[in-house]
Amino acid sequence: MKVLIIGAAGMIGRKLTARLARDGRLAGKTIDHAHLVDVVAPQPLENAPFPVALEALDIAAPYVAPKLTAARPDVIFLLASVVSGEAEADFDKGYAINVGGTHALFEAIRREQALAGGAYRPRLIFTSSIAVYGAPFPAKIGDEFIAAPLTSYGTQKAISELLLADYSRRGFFDGVGLRLPTICVRPGAPNKAASGFFSGIIREPLAGKEAILPVGDEVRHWHASPRAAVEFLLRAAELDLSLLGARRSLNLAGVSVTVGEQIEALSAIAGAKTASLIRREPDETIARIVAGWPRDFDPVRAKSLGFHADANFSAIINAYIEDELKT
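Cut-offs and rules
Residues numbered from 1 in each chain as written. Predicted model: local features only at pLDDT ≥ 70, side-chain atom pairs only at ≥ 80, totals over all residues. Heavy atoms only, no water. Pairing = 2+ DSSP bridges. Helix = DSSP H or I, 4+ residues; strand = E, 2+ residues; numbered from the N terminus. Axes fitted to C-alpha atoms, helices over the stretch in contact; angles between N-to-C directions. Contact = heavy atoms within 4.5 Å. Buried < 20%, exposed > 50% of the residue type's maximum accessible area, 1.4 Å probe, protein only. Expected span 1.5 Å × (residues − 1). Parallel < 35°, antiparallel > 145°, perpendicular 65-115°, else oblique. Left-handed = near helix turned anticlockwise from the far one by under 90°. Nonpolar A, V, L, I, M, F, W, Y, C, P; charged D, E, K, R; others polar.

Caption draft 1: Representation of the sheet that holds strand E4 (residues 33–38) in the model. The seven strands lie next to each other as E5-E4-E1-E6-E7-E8-E12, forming an open sheet whose pairing is parallel. Each end of this open sheet is capped by a strand with a single partner; those strands are strand E5 (52–56) and strand E12 (249–251). Between one strand axis and the next, the sheet turns by 15 degrees as a mean value, whatever way the strands run. Note: strand E8 (residues 174–180) against E12, three bridges, orientation parallel. Paired with Gly177 across the two strands is Ser249, which belongs to E12. Helix H5 (residues 152–169) rests against strand E7 (123–129), E8 and E12 of the sheet, and its axis sits at about 155 degrees to E7.

Caption draft 2: Quick look at the pairing of strand E13 (residues 255–258). Residues Val255 and Val257 line one face of E13 and the alternating positions Ser256 and Thr258 line the opposite face, and both faces are buried. Across four bridges, the pairing between strand E11 (residues 220–224) and E13 is antiparallel. Counterpart to His221 in the pairing with E13 is Val257.

Caption draft 3: Fine view of helix H1 (residues 11–23). Taking 1.5 Å per residue as the helical rise, H1 with its 13 residues ought to reach 18 Å, and the 19 Å between its terminal C-alpha atoms agrees with that figure. Inspection of H1 places Met11, Ile12, Gly13, Leu16, Thr17, Leu20 and Ala21 among the buried residues, and these make up the whole buried set.

Caption draft 4: Molecular detail of the sheet that holds E13. Pairing in this open sheet of three strands is mixed, and the strands run E9-E11-E13 from one edge to the other. Each edge of the open sheet is held by one strand with a lone partner, namely strand E9 (182–183) and E13.

Caption draft 5: Quick peek at the packing of helix H6 (residues 196–206) against helix H12 (residues 313–325). The contact between H6 and H12 brings their axes to 12 Å, and the two run at 45 degrees. Here H6 is positioned oblique relative to H12, judged by the angle of their axes. Taken as a pair, H6 and H12 cross one another with a handedness that is right-handed. Residues Ile202, Arg203 and Leu206 of H6 form the contact with H12, whose own contacting residues are Phe313, Ile317, Tyr320, Ile321 and Leu325. Residue composition of the contact of H6 with H12, grouped by class: seven nonpolar, no polar and one charged.

Written as structure tokens, this is what we have:
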């Protein structure tokens, strides 16, 4: 079992690799080698029971995809992307990486399969996003709702989903797209995602710091914890993908809450003084982007396939405290 993780230096990538190092197995098989790649060098794995290769590579560079697929990894996690706010601000960069880099990887796998006489067909797990959907929304988005994004990031993810389905249909790889909820609470420094404040209004007050809230308390959104995100990836690696048929991308389970309910949960867990560190500072650009995002889902397919999320938003906060703040 050879595993390739593209985007291994990101938050989810780091947590996934740490879990693989702990388990030593994936999809019921012993891991023999892991290749960790990102635009910056991933951190070494401590006590991994298998060899690990670390590389800093830009997936948009023409030579990178063939280099990554030459070793014929059995499972590929494609986590790398330009995040929502940055993809909206830098049109060229978003398309170069989120679409160009993805397509280049798919093509490299296809060429490697041809060199192997058809014998090579890896499992490819692609992290998509609920940003593939655009308003107006029903009260709950079901599995049949059409993907019609209203942002460049969402469009780029939707294009990649279509490519994933077609390359899987043609048998070049066995792919699955995971439409991740907004992952909250994200540890570490804020990134350039427009959704970053969802984590910031929890993470910063818990650290005794002020947090900026750029939208109203009534804004409702769909969340899952980093813990749940890792479990989604592991489940996708072991899933019988014939159960998906031609529709290769899944709406995943999550928790739908308003910003006000997030703050109430924070106050109940950490106290009103902690919650008072949130400062409201409206930002029209972020508010406009977030207004075009989905708010609630009914992910019947994913749940029937064994994808489960957090019980409620309090569980998400407590998971962050346990995983990031307790020593």
